[in-house]
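An overview of the molecular structure
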Amino acid sequence: MINMTTLSTKLLIADALVELCETDKLNKISVSDIIEMTGKNRKTFYYHFEDKESLIIWKFRYDLGQELLALFPADVLIYEDPIDKNNEDYKDFPYYITQKSGVRSLDHSAFFDAYARVLHRHRAFYSQAFLETGPHSLRDYLYNLYLPALKKDIHLVLANRYLPEENINFLAEFYTCAFIYYFIRRYDQPNSNQIRSNAGPFANIIHSSMESEIKEAQLRRNL
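Starting afresh in each chain, residues are numbered from 1 along the sequence in its written order. Residue-level local features of this predicted model are given only where pLDDT is at least 70; pairs of side-chain atoms are given and counted only at 80 or more, and the full residue set underlies all totals for whole chains, interfaces and linings. For the side-chain quantities, the full set of heavy atoms in the structure was used; hydrogens and water were omitted.

A few words on the overall build of the chain. Strands here are runs of E lasting at least two residues and helices are runs of H or I lasting at least four, both read from the DSSP assignment and numbered beginning at the N terminus. Tallying secondary structure elements over the chain gives 9 helices and 4 strands in all. Its helices and strands taken in sequence order, the chain reads α-α-α-α-β-β-β-β-α-α-α-α-α from the N to the C terminus. Both definitions apply: the radius of gyration is a C-alpha atom measure, and the globule rule equals 2.2 Å times residues to the power 0.38. Computed over its C-alpha atoms, the radius of gyration of the chain comes to 19 Å, within 12% of the 17 Å expected for a compact globule of 223 residues. Taken over the C-alpha atoms alone, the chain extends approximately 70 × 40 × 30 Å along its principal axes. Out of the 223 residues in the chain, the part that is buried amounts to 48%. Carbon and sulfur atoms provide 52% of the accessible area of the chain, an area that totals close to 12100 Å². Here the chain contributes 26 positive and 30 negative side-chain charges, whose respective centroids are spaced 3 Å apart. Each residue is assigned to one of three classes by its accessible area relative to the maximum for its type, calculated with a 1.4 Å probe on protein chains only: buried under 20%, partly exposed between the two thresholds, exposed over 50%. The Shrake-Rupley method, run with a 1.4 Å probe sphere, supplies the accessible areas, and residue values consider only the shown protein chains as cover. By the counting rule applied here, Lys and Arg register as positive and Asp and Glu as negative, while His and the ends of each chain are not counted. For the purpose of locating charges, the reference atoms are NZ of Lys, CZ of Arg, CG of Asp and CD of Glu.

Below, the structure written as C-alpha cells:
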C-alpha cells in the first residue's frame, strides 16, 4: 500500500526537478537547487532518495506506472518481485505488460505507445536524463530492467520449442537495445515530433520480428 504522505513528498521533489529542467541543464542542477524549490530541507531529500540519479529513476517509474495502470487491465501488468527489497520504491508501479495475441504471439504495441507518451510528456527532462551514461544512469537502469523482461517474452514465444540459451540471450539483448536506444536516438533529434509518430503498421515490430526470427530458426533447425 502506498503511503500517501511519502508519495506526495516524493512527487513534490520529482516535479521540482522536472520544472528546473525546463530552464537549466540537468547535469548542472544540484540537490540544493531542488530542495530550494520545494521548500524542504536536505534531510528530507536524502530520506526519500539516495541521490539525484535515484530520483530520476523513481520519476520514470512513477510516470510509467501511472500510465500503465490507467491503460491496461490488472491481469496483463508486470511488476517486479515484491520479495526483493531493492524494489521497495517501485513495488506499486508496473513497468511492463504481457499482452498475448495468440498462443505464441505477443502484441505490446500499446505498451510502446504508453512508454513514448510518458517520455514525450516531460521531454525536456527525459531528453537530458538520457544524456547521462554512468552506471547509475536512466539508460543503464532501463537496459537492466527490460533485458530479463524481453528474455521472458522470448520464452513465451518459444513455448515448448527449443532454442539454445546463447541464442535466447542474443535475441534478448538485441531487442532490448533496439527498444531502448530507438527512443534515446529520437531524443537526439530535437526537431522530431511525437516519438512514435511514424510507427504505423510497425507498431509491434519488436515482438513481431522476434516471433518471425524464432520461426525461421526453428525451420532451419528442422531441415
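Continuing now.
To estimate the expected span of a helix, subtract one from its residue number and multiply by 1.5 Å. Taking 1.5 Å of rise per residue, 17 residues should cover 24 Å, and helix H1 (residues 4-20) covers 24 Å from first to last C-alpha, within 8% of that figure. Among the residues making up H1, those that are buried are Leu7, Thr9, Lys10, Leu11, Ile13, Ala14, Ala16, Leu17, Val18 and Leu20. At its buried positions, H1 is contacted by helix H2 (31-38), helix H3 (42-48), helix H4 (52-71) and helix H6 (123-129). Any two residues whose heavy atoms approach within 4.5 Å are treated as being in contact.

With that out of the way, let us pick up the layout of surface pockets. Approximately 410 Å³ is the volume found for the largest pocket. For the largest pocket, the lining is made up of 21 residues, of which Glu50, Ser54, Ile57, Tyr90 and His136 are closest to its centre. Asp, Glu, Lys and Arg are counted as charged, while Ala, Val, Leu, Ile, Met, Phe, Trp, Tyr, Cys and Pro are counted as nonpolar; the rest, among them Gly, fall into the polar class. Taken together, the residues that form the lining of the largest pocket break down as 6 nonpolar, 7 polar and 8 charged. Residues are called lining when one of their atoms sits within 4 Å of a cavity or pocket point, these points coming from a 1 Å grid over the protein atoms alone, where a cavity is a set in which a 1.4 Å probe fits but cannot get out and a pocket is an open set with protein on both sides within 12 Å along at least five of seven lines. Grid points are joined across faces, edges and corners, and a volume is the space filled by probe spheres set on the points.

Turning next to the packing of helix H5 (residues 109-121) against helix H8 (residues 165-187). The axes used here are C-alpha line fits, helices contributing only the stretch in contact, and every angle between their N-to-C directions lies in the interval 0 to 180 degrees. The contact between H5 and H8 brings their axes to 12 Å, and the two run at 35°. The two elements H5 and H8 cross, and the hand of that crossing is right-handed. Across the interface between the two elements, Phe111, Phe112, Tyr115, Ala116, Leu119 and His120 of H5 pack against Phe179, Phe183 and Tyr187 of H8. Looking at the contact of H5 with H8, its residues break down into 8 nonpolar, 1 polar and no charged. Rotating anticlockwise by less than a right angle from the far helix to the near helix defines a left-handed crossing, while the corresponding clockwise rotation defines a right-handed one.

Moving on: empty space enclosed by the protein. Where empty space is left in the structure can be found by rolling a water-sized probe over the atoms. Under the criterion given, the structure shown has 1 cavity of 30 Å³ or more. In this structure, the largest cavity encloses a volume near 40 Å³. Lining the largest cavity are Glu53, Ile56, Ala129, Glu132, His136, Ser137 and Leu138. Looking at the lining of the largest cavity residue by residue, the class counts come to 3 nonpolar, 2 polar and 2 charged.

Counting residues in hydrophobic clusters, the biggest one holds 70 residues, and the most contacted among them are Phe111, Tyr115 and Tyr146. The element best represented in this core is helix H7 (residues 138-158), accounting for 11 residues. The residues contacting Phe111, other than those within four sequence positions of it, are Leu64, Leu68, Phe72, Tyr95, Tyr96, Ile97, Tyr146 and Phe179. The term nonpolar core refers to a set of buried residues drawn from Ala, Val, Leu, Ile, Met, Phe, Trp, Tyr and Cys, joined through side-chain atoms within 4.5 Å.

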